[in-house]
Structures are given as structure tokens and as C-alpha cells.
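So the chains spell out like this:
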Amino acid sequence: MSGLVTIFGGSGFLGRYVARRMAKQGWRVRVATRHPNDSMFVRTYGTVGQVEPIFCNIRDDDSVRQALHGAEAVVNCVGILTEKGKNGFDAVQTEGAARIARLAAADGVKRMVQISAIGADKDAESDYSRTKAEGEAAVLEHMPGAMILRPSIMFGPEDEFFNRFASMTRFGPVLPMVGGSTKFQPVYVDDVAAVAEMGALGTAEGGVYELGGPDVATFRELMKEMLGVIHRRRILLNLPAWVAKLMAFGLTIVQYVSLGLIHNDTLTRDQIVNLQIDNVVSGNHKGFADVGITPVATEAVLPDYLWRFRPSGQYDAIKDSAKNLRA
């Protein structure tokens, strides 16, 4: 086997794809996660003992140091969309990224890949975007040759975007959304993993990469595409920002009153801020073309995993064909 790579968040949405790719390259893969017992599925990505989930808390030096020991490369896929308890934006996306980079440099790790996001900006109103930018700066301070990946919204079988809204269509004739005119450039999760793999292997140079798919579409247009895939008709209702903020405030109050037992991951003020800003490649940084990758379009992948939200699931096409039969 070629070497050892530590992937923080290696059992998450993007991390599992990076882990699978590195295992196929013959590397030993250490998947650092807060819930190793729930991450045993990653072991199937390689031969016996090749891929191993271990416990790690990126808010603790000793935990991160142990996860990094002996690694030749490190990939940090850890990120959050909502804050919960001690896992706030600053603790995870700024301090956590800085801790990994600092200890990786001290341990002699050769290469680092940091997963950020399009829109990362130290002056952003959104705490999510601000801490992503601060995390990038901290990583480059300790690992100047690191690869920074800024993907647009990622899609794939385990995504929390198309799956979430497709699930919502089951509960009524109206599909609410915030920021219907905001533009996105959806990128297939395995395409992002392919660039991360190159960074970990050292076959692509470091620096900032903005990664977007081949198509740019508004939030509303993406929902129309999703509805077409799942064969459902719904009224797309774009909520005004002030209504969305009231809803977010109410959900946050419920979380506070329940002492955190009910966690608000449905809609937050920070998410509303981000949903007002276009999430597309700026053209000011490197991208897929610089590493020779042609990104996959949503239309090529969505039907492969959204079929379960169709009225008759996998039998929907058969039922449609049956309607055309004549006695």
C-alpha cells in the first residue's frame, strides 16, 4: 500500500467518496469521526484493515494529534450548516481547521486538502461563510501548499438538498423555499472527491479551486427539475425574507425552550443570509478544467436516487406504460 491518509469527517457526505477513492489507490485510510461505531460501513471500501474509522474530536489537540500520527496526507471534510452545543461555526470551521493544519505541520504531514465553500469571505454577514474563510486562512498559515476546495452546493445519493426537498413534496401541494431567484451551480459530490484525491496524492498543485457543475440555475429552476424527476406537481412558493426570518426566529425559540432537545436544522437566520447570495464559480480561481475533469450534470445523476420519491417509486415508469396499453 502507498501510504496513510487521515480524512477528518471521512464518513460524511463528501468524506466517504474521498475515502473510497483513496482506498482504491491502495492507501491505508484513517477515517476520523465523532461516531466511529456508526461509520463501520467505510471498512467495506478496501481490503481487511485498510480503511479504519477512529474516534476524533477536532476541538481537542490530543485527539487530532493521535488521528494524524504517521499520516502522509490529510483531508479535512468537517463542516456544519447549523450550530449545536459546543460545535459552533467558530469552534468547528475556524479553530478546528486551524488545529488540524497546525498539528499536521508539526507531525510532518506532506499534503493537506481543506474543504471550504463558494462564498467564503472573512467579511461576510453569514457566520458560516465567515468561518469558512477564516479556516482557509488558518490552514494556509500552517500548510502554505495546501489545496483549498470551494464547491458549490453538492448533490449525490446522500445529499441534504435534493433529498430534503423531494421528501417535503410528500406532505402537501405547496413546496416553500427561500431565495427562489438565487443562482446555484450544483456539483456532483464524486467530482469534488476526485479533485480532493489529486490533492492528497500530490498529482495536482495546491491553491484555491472553485468547483461548480456544468450548469447554472436558480433555486426555483432546480426545484422544477427535481419535480420533473420525481413526477410530482407542486406549487413553488417563494417566501419573502421577512417571513423566513420570523419562521427561523420561532424555530430557534423552540430549540432554546426545549434546552436543545429539539434542534433547529430546518431554517436559521444564517441560512437565510446565504440563500440571498448567488452560489456560483467566480472565475477568479482554478477549477475543474485545471485538473482535466469534466463535471457531471444533475440530469445525469438525479434520476438514479430520487426515484424513491415518485408516487409509485420504482414502479412509476411501469404504471405509466400500463396506461398506454389497449385491450
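In what follows, the accompanying structure is described. The shown structure was predicted, so the numbers you read here are calculated from the model rather than taken from an experiment.

Quick look at the packing of helix α1 (residues 15-24) against helix α6 (residues 189-201)
Right, on to step 1. At a minimum axis distance of 9 Å, the contact between α1 and α6 shows a crossing angle of 50°. With respect to α6, the axis of α1 lies oblique. The handedness of the crossing between α1 and α6 is right-handed. Of α6, the residues touching α1 (which contributes Y17, V18, R21 and M22) are V189, D190, A193, A194, A196, E197, A200 and L201.
Right, on to step 2. Class assignment of the residues belonging to the contact of α1 with α6 gives a composition of nine nonpolar, no polar and three charged.

Overview of the environment of V195
Right, on to step 1. The residue V195 is located in helix α6 in this model.
Right, on to step 2. With a relative accessible area of 0%, V195 lands in the buried category.
Right, on to step 3. The spatial distance from the C-alpha of V195 to the C-alpha of D60 is 28 Å, given a sequence separation of 135 residues.

Some remarks on the packing of aromatic side chains
Right, on to step 1. What the rule picks out here adds up to eleven aromatic pairs.
Right, on to step 2. Ring geometry for F41 versus Y45: centroids 6.3 Å apart, planes at 70°, classification edge-to-face.
Right, on to step 3. Accessibility expressed as a relative area gives 30% for F41, which makes it partly exposed.
Right, on to step 4. On the accessibility criterion, Y45 (14% relative accessible area) is buried.
Right, on to step 5. Where F184 meets F219, the ring centres are 5.8 Å apart and the plane angle is 80°; that geometry is what we call edge-to-face. Of this pair, F184 sits in strand β9 (residues 183-184) while F219 is found in helix α7 (residues 219-229), placing the two residues 35 residues apart along the sequence.
Right, on to step 6. On the basis of relative accessibility, which here comes to 6%, the residue F184 falls in the buried class.
Right, on to step 7. Among the aromatic residues, ring-to-ring pairing joins F155, F161, F162, F165, F184, Y188 and F219 into one connected group.
Right, on to step 8. Between R20 and the ring centre of Y17, over which it is positioned, the NZ or CZ distance is 5.3 Å.

Considering the layout of surface pockets
To find the voids left in a structure, one rolls a probe of water-molecule size over its atoms.
Right, on to step 1. Taken as a whole, the second largest pocket encloses approximately 310 Å³ of empty space.
Right, on to step 2. Lining the second largest pocket we find 16 residues, and of these T252, N264, T268, R269 and D270 sit closest to its centre.
Right, on to step 3. Contributing elements (two or more residues each) for the lining of the second largest pocket: α8 (241-257) and α9 (269-274).
Right, on to step 4. With five residues, the top contributor of residues to the lining of the second largest pocket is α8.
Right, on to step 5. Its residues assigned to classes, the lining of the second largest pocket shows five nonpolar, six polar and five charged.

Details of the nonpolar core
Right, on to step 1. In terms of nonpolar packing, the biggest core is built from 66 residues, with L149, F162, M223, M226 and L306 touching the most fellow members.
Right, on to step 2. Filtering out sequence-adjacent residues up to four positions away, L306 remains in contact with F162, N163, A166, M226, V229 and I230.
Right, on to step 3. By size, the runner-up hydrophobic cluster in this structure holds 25 residues, among which are A67, I100, A104 and I148.

Some details on the sheet that holds strand β2 (residues 28-33)
Right, on to step 1. As summarised here, the arrangement of the seven strands in space is β3-β2-β1-β4-β5-β6-β11, forming an open sheet in which the pairing is parallel. What marks the edges here is a single partner per strand, and that holds for β3 (51-55) and β11 (207-211). The mean angle between the axes of side-by-side strands here comes to 20°, regardless of whether they run parallel or antiparallel.
Right, on to step 2. In this structure, strand β1 (residues 4-8) lies alongside strand β4 (residues 73-76), joined through four bridges in parallel fashion. Bridged to T6 within β4 is V74.
Right, on to step 3. Contacting β1, β2, β3 and β4, helix α2 (residues 61-68) crosses the sheet at an angle of about 145° to β1.

Observations regarding the packing of helix α3 (residues 89-106) against helix α4 (residues 127-142)
Right, on to step 1. For the pair α3 and α4, the least separation of the axes is 8 Å and the interaxial angle reads 10°. For the element pair α3 / α4, the angle class is roughly parallel. Judged by residue contacts, F89, D90, Q93, T94, A97, A98, A101, R102 and A105 of α3 engage D127, Y128, R130, T131, K132, E134, G135, A138, V139 and H142 from α4.
Right, on to step 2. Within the contact of α3 with α4, the residues separate by chemical class into eight nonpolar, five polar and six charged.

Thoughts on the environment of P186
Right, on to step 1. Looking at where P186 falls in the secondary structure, it is placed in the loop between β9 and β10 (187-188).
Right, on to step 2. Classification of P186 by relative accessible area gives buried; the value is 5%.

Cut-off values and rules
- Residues numbered from 1 in each chain as written.
- Predicted model: local features only at pLDDT ≥ 70, side-chain atom pairs only at ≥ 80, totals over all residues.
- Heavy atoms only, no water.
- Axes fitted to C-alpha atoms, helices over the stretch in contact; angles between N-to-C directions.
- Helix = DSSP H or I, 4+ residues; strand = E, 2+ residues; numbered from the N terminus.
- Parallel < 35°, antiparallel > 145°, perpendicular 65-115°, else oblique.
- Left-handed = near helix turned anticlockwise from the far one by under 90°.
- Contact = heavy atoms within 4.5 Å.
- Nonpolar A, V, L, I, M, F, W, Y, C, P; charged D, E, K, R; others polar.
- Buried < 20%, exposed > 50% of the residue type's maximum accessible area, 1.4 Å probe, protein only.
- Phe/Tyr/Trp six-rings, centres within 6.5 Å; stacked < 30°, edge-to-face > 60°.
- Lys NZ or Arg CZ within 6 Å of the ring centre and 35° of its normal.
- 1 Å grid on protein atoms, 1.4 Å probe; cavity = no way out; pocket = protein on both sides within 12 Å on 5 of 7 lines; lining within 4 Å.
- Points joined across faces, edges and corners; volume = space filled by probe spheres on them.
- Core = buried A, V, L, I, M, F, W, Y, C linked by side-chain atoms within 4.5 Å.
- Pairing = 2+ DSSP bridges.

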